Each structure stands twice: as C-alpha cells, then as structure tokens.
Amino acid sequence: MTVLRPTELAEDLGEELLRWLVGQRFFRTKGHAVTSARTLRSSILIEGDPALVHAMVSVDDGAPYQLLFGVRENVPDVLAHAVIGELDGRAVYDAPQDPELMGALLDLLLGQEDVAGLRFDADPSVAAGTRPRQIGVEQSNTSLIYGNAILKLYRQPEQGRNRDVDLHRALAGNPHIAAPLGVLTDHRPQEPVVLGFMQRFLPDAVEGWATATASVRDLLAEGDLHADEVGGDFAGESGRLGTAVAEVHNALAEATGVREVGQEELAAEADAMHARLDVVLSEVPSLASEEQTLRTAFDAVRTLTTPVRIHQIHGDLHLGQVLRTTAGWVLIDFEGEPGATPQQRAVPRSPLRDVAGMLRSFDYAAFHLLPGNDDPQDDRQRLTRATEWSDRNRTAFCEGYAEVGDDPREHAVLLRALELDKAVYEVRYEHHNRPDWAAIPLAAIQRRT
Ligand SMILES: Nc1ncnc2c1ncn2[C@@H]1O[C@H](COP(=O)(O)OP(=O)(O)O)[C@@H](O)[C@H]1O
Ligand SMILES: O=P(O)(O)O[C@H]1O[C@H](CO)[C@@H](O[C@H]2O[C@H](CO)[C@@H](O)[C@H](O)[C@H]2O)[C@H](O)[C@H]1O
C-alpha cells in the first residue's frame, strides 16, 4: 500500500486521478487521451482525519489545475460519489464536495491565515461558522455558497494578475456587480497567483438566460400572439439590461482609462477575425458556404474612418453572465474572453464587443427552442415568433444602452463584424461541446448575410 505523499499525490493516484479528471466539467483538455499527472506544488492545509490537501497539478505538462483533496479513513455515504482513489488505506476524494472541510476552509479565510504559502483573506462581514453548499449549475470553475458569500475556486488559475478580481475591485461600489469580499492567493510562485475569489452572494438572483428563455417559452406556447402582446414580454428587462451594461462600461472606462484606435489597429482587428475564421473553417466544414460573406463583413472594418473608443470591457458577455436581482441587473465573471491568453484578455477592447456578445445571446435564447433547430423552416409560425422576439429584445437592449452610452446601432459595420466573429467562435464551441446546438450560430450567420 502506498504511503500518502502530498508532493506526489497526483503521481500516486495515477490512472484513478486521470479517469476522474476527464469526467469533470472544469477539465478543458478534452478530445484526446491524457497520459500523465504531475504535482507542481502541494500543501497540507488541514492535518488529521479528514485532512485537506491543496495541489497544483499539471496534466500532460499543460497549465496546472487547482485540486483540493480530502483524505479520510472512513468516507460517509454522502461523499462516496466524490471518491477519486485510495492511498495508504485512506480514501482520497474531491474536497469541495465535503461541507466539513470547506467549512474549515472558511475559518482559514476569516482568520486571515497564512498556511504553507497560501494566503487566506475574507471580509469579516462574511458569516462565520457556515458550512457551504456547492453551486448546482454547470460551470467552468467550482463555487461554494457560504450564507451571504460565494467563493469561486479557479480550476485553472491564471498566472499573474487575475482579471476577475482586478476589475471587480476597480468597480467596487457599482450597483451592477457583486461586491468583492475576499481572495485566496498562492504566494509560492515568483508572482502570486489568485486561487479563489469571494463575493457577496445574491440570494434573490436569477440568471438572465433563465428569465429570457422563460419569456421565449411563453411566446412559443401562445403561438398566435406577438412578442409585445404576451405576459412574459422581456423587452423592458432587455432595455434595463442594456442600460446596466452601458453603466458598467462607463465605470470601467473611467476606472481603467480610454484610448482611441484608428485604421491601422482596426485593420489588425480585421486580420484577427480572419485568422480566427481560418481556424474554425479548418475544423467545421459546414461553415464553408458562409466564408465569403464573413470575409466581406470583416474587411469592411478596414474601411472605417472614425476612431473607435477602447477600454477594459467584460469580455465574455452573454445571458449566462448576468443575474437579475430584485434591485436590478448584475454582471458576473469578469475573467474575459474564453480561450484567450492572459495577455490577450488584458488588452482594452471596443465595448461593442460586449454588446455583440449580448445580441448573440438574445438570438440564442430566441432560437434554441425551435423544433429540430437544424430545420427551422418546418415550423414557420414559431420561426416568425422567435425572430420577432429576437429583434424586439435586441432593439430594446440597444435602446437601453443608448440611454447612458453611445448608441451601438450607430456603429453598424463594426457591430456586425463583431457579432459575426462571435458567431464563428460559437460555431466552433458548439461543434466541440454541444453538436446539437451548432445549427443555432450557423443559422444566425446565414440570416445576417
Ligand atoms: N454573486 C452571486 N450571487 C448569486 N449567484 C451567483 C453569484 N456569482 C455567481 N453566481 C452563480 O454561479 C454561476 C457561476 O458563476 P461564474 O462566476 O460564471 O462561474 P464560472 O466562471 O465557473 O462560470 C452563475 O451562473 C450564477 O448562477
Ligand atoms: O463558460 P462560459 O460562460 O465562459 O461560456 C462558454 O459557454 C457558454 C454556454 O454556457 C457559451 O455561450 C453560448 O451559449 C449560451 C446559451 O447556453 C448563449 O447565451 C451564448 O450567447 C452563447 O455564446 C459561450 O459561447 C462559451 O464561451
């Protein structure tokens, strides 16, 4: 039997760990076999039984994952599903699923402790002695709810600065964000790495995607009424969401600075869109028929003569990143553009990129319920209603945005290119993750030709 060696934990668990990892939502190295796991750093945060071990583990030498292991002699039935393997006669399991150990993690945060190179820091307003529950939604990290606070543990923490934390701090006091309350930092590397971020938990929050799609469902169930005639009309919400996004953009511009870019940088932006398209075309053959339309839209960006304002933006805005509370709309998760490097994420961008992301999301919400999705023509009435819903809410969002910001519709060329660029990204995302939904962005590209 192997003796528990925290510094070699991943290696000792070997196959068992790899099998568990590839099944996790947060595991990004999808699509090819993985062969090795290497522990880069590890610390015992809590000794005894149960013990809590923190480890940064690289799979096939890729960017490290943050793993929290619980180690117990006897695993209670409620944790049986979280067991990864066994070492030295003790079970090793996924600790975020253990309320006892995660309660102890909160004590460390509130105690402002420094344990084995990890620094814990949480605002004293966070309710002490709370045992958390793991958030029950699909997500790319792991979040725990401790009464009035939510702790997000980054599963692949960025080296260097953490955009999510930095931008939340820059926006502190803004009504459209969840207040930052604490950070867990790894001080062992030369440059500290943020491992966890605690924020005010909004118990009355509902995801924008859930509220928007409920409205679409109402409309499609009704069939004969127009989008503005059904009870679940969403246009008022979309307008308020547009205003909230513009207010966050104004605050980000003020806090982080604004620059104007001219033709040279816009041409570079067009080049980047073409390059992204090249990649997707090579992976998704069904996009080929739209290539010329997309290239023409991207090239139009080169012809713009008016300078474009850029500043820090959200970077990954869609209806799953906004929460409706009883007080209004809140934007969450400022990690930035998915799939981009930290350097790319840090670059200031046109706020129209966020607007484009949200407009795409209205399109998704409208069309994802249509039968078959791949042949929407089979139900013309529902297609007409979905189109109406999309147009009505996209317009309302832009109108709301224009109340306190620059009207997005006055930048039609750039906005169209950004929307198509996002749709191209989505074609690839859906192709790899949700093939049944690949037709949604593809149909949108076809409609906007
Ligand atoms: N402050 C909050 N209050 C209430 N729920 C939240 C809060 N922050 C996040 N959530 C919920 O947690 C989910 C995941 O959060 P998010 O920051 O997007 O994590 P990830 O980066 O893992 O996707 C959100 O979609 C939302 O349902
Ligand atoms: O996990 P992230 O929030 O970084 O984003 C990824 O997953 C999203 C799906 O959850 C995906 O968003 C796409 O689908 C949404 C509906 O599920 C839709 O509202 C978005 O407009 C659409 O882009 C996102 O693209 C992907 O990066």
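Predicted, not measured: the structure shown is a model, and the values here were computed from it.

Novice: Looking at this structure, how should I read the packing of helix 10 (residues 352–367) against helix 13 (residues 439–447)?
Specialist: A pair of packed helices is characterised by two quantities: the angle between their axes and the separation of those axes. Where helix 10 meets helix 13, the closest approach of the two axes is 10 Å, and the angle between their N-to-C directions is 115 degrees. In terms of orientation, helix 10 lies roughly perpendicular with respect to helix 13. Both helix 10 and helix 13 take part in a crossing whose hand is right-handed. Residues R360, D363, Y364 and F367 of helix 10 lie in contact with helix 13, whose contacting residues are I440, P441, A444 and R447.

Novice: Before we go on, may I ask you to explain the site of ligand 1 in this structure?
Specialist: In the region of ligand 1, 18 residues are neighbours, and Q139, N141, K152, L202 and E207 sit closest. At a separation of 2.8 Å, an oxygen atom of ligand 1 approaches a polar backbone atom of N141. Side-chain polar atom of E207 to an oxygen atom of ligand 1: 2.6 Å apart, as the coordinates give it. A total of 560 Å² of accessible area belongs to ligand 1 in isolation, and the protein chains cover 90% of it. Across the shell around ligand 1, the residue classes tally to 8 nonpolar, 5 polar and 5 charged. When residues of the shell around ligand 1 are assigned to domains, at least three fall in each of domain 2 (100–200) and domain 3 (206–448).

Novice: Any chance you could explain the site of ligand 2 here in plain terms?
Specialist: Around ligand 2, 13 residues are found, and the nearest of them are D316, S361, Y425, E426 and R434. Between H318 and ligand 2, the recorded distance is 3.0 Å, taken from a side-chain N or O atom to an oxygen atom. The side chain of R434 places a nitrogen or oxygen atom 2.9 Å from an oxygen atom of ligand 2. About the coverage of ligand 2: the protein hides 86% of its 530 Å² of free accessible area. When residues of the shell around ligand 2 are traced back to their parent elements, those giving at least two are helix 10 and helix 12 (412–433). A per-element tally of the shell around ligand 2 places helix 12 first, with 4 residues.

Novice: Looking at this structure, how should I read the sheet that holds strand 17 (residues 328–331)?
Specialist: Adjacent strands of a sheet pair through backbone hydrogen bonds, lying either parallel or antiparallel. Sheet architecture is open: 3 strands sit in the order 13-16-17, paired in antiparallel fashion. Unpaired on one side and paired on the other, strand 13 (206–207) and strand 17 mark the two borders of the sheet. Bridge analysis of strand 13 against strand 16 (residues 322–325) gives 2 bridges, and the strand direction is antiparallel. Residue pairing for strand 16: E207 is matched across the bridge by L323. Contacts between helix 6 (residues 235–256) and the sheet are confined to strand 16 and strand 17, with strand 17 contributing the most and set at about 45 degrees to the helix.

Novice: Any chance you could explain the pattern of salt bridges here in plain terms?
Specialist: As enumerated under the stated definition, the model contains 37 salt bridges in all. With a closest N to O distance of 3.8 Å, E269 and R276 form a salt bridge. Taking the relative accessible area as the measure of exposure, E269 reaches 17% and is therefore buried. A salt bridge links R302 to D271, with the nearest nitrogen and oxygen atoms 2.9 Å apart. Here R302 is found in the loop between helix 8 (291–300) and strand 15 (308–310), whereas its partner D271 is found in helix 7 (residues 263–283), with 31 residues between them in sequence. According to the relative accessible area criterion, R302 is partly exposed, its value standing at 30%. Each of E269, R276, E337, R349, R353 and D421 takes part in salt bridges that share partners, so that together they form one network.

Novice: In this structure, what is going on with the domain arrangement of the protein chain? I would like to understand it.
Specialist: For the protein chain, the assigned domains read domain 1 (6–95), domain 2 (100–200) and domain 3 (206–448). For domain 1 versus domain 2, the distance between C-alpha centres works out to 20 Å. Contact with domain 1, which involves 25 residues of that partner, is made by 26 residues of domain 2. When residues of domain 1 are sorted by the area they lose upon contact with domain 2, R25, R41 and Q66 head the list and together hold 28% of the total. Where domain 1 packs against domain 2, one counts 3 salt bridges. Its salt-bridge partner being D186, residue R41 comes within 2.9 Å of it at the nearest N-O pair. At the boundary of domain 1 and domain 2, one finds 7 residue pairs in polar contact (both at pLDDT 80 or more).

Calculation notes
Residues numbered from 1 in each chain as written. Chains lettered and ligands numbered in written order. Predicted model: local features only at pLDDT ≥ 70, side-chain atom pairs only at ≥ 80, totals over all residues. Heavy atoms only, no water. Axes fitted to C-alpha atoms, helices over the stretch in contact; angles between N-to-C directions. Helix = DSSP H or I, 4+ residues; strand = E, 2+ residues; numbered from the N terminus. Parallel < 35°, antiparallel > 145°, perpendicular 65-115°, else oblique. Left-handed = near helix turned anticlockwise from the far one by under 90°. Contact = heavy atoms within 4.5 Å. Near = heavy atom within 4 Å. Polar contact = N/O pair within 3.5 Å; in protein donor to acceptor, adjacent residues only side chain to side chain. Areas by Shrake-Rupley, 256 points an atom, 1.4 Å probe, with all protein chains shown as cover. Nonpolar A, V, L, I, M, F, W, Y, C, P; charged D, E, K, R; others polar. Domains from an automatic or database assignment. Pairing = 2+ DSSP bridges. Salt bridge = Lys/Arg side-chain N within 4 Å of Asp/Glu carboxyl O. Buried < 20%, exposed > 50% of the residue type's maximum accessible area, 1.4 Å probe, protein only. Buried area = accessible area lost by both parts, 1.4 Å probe.

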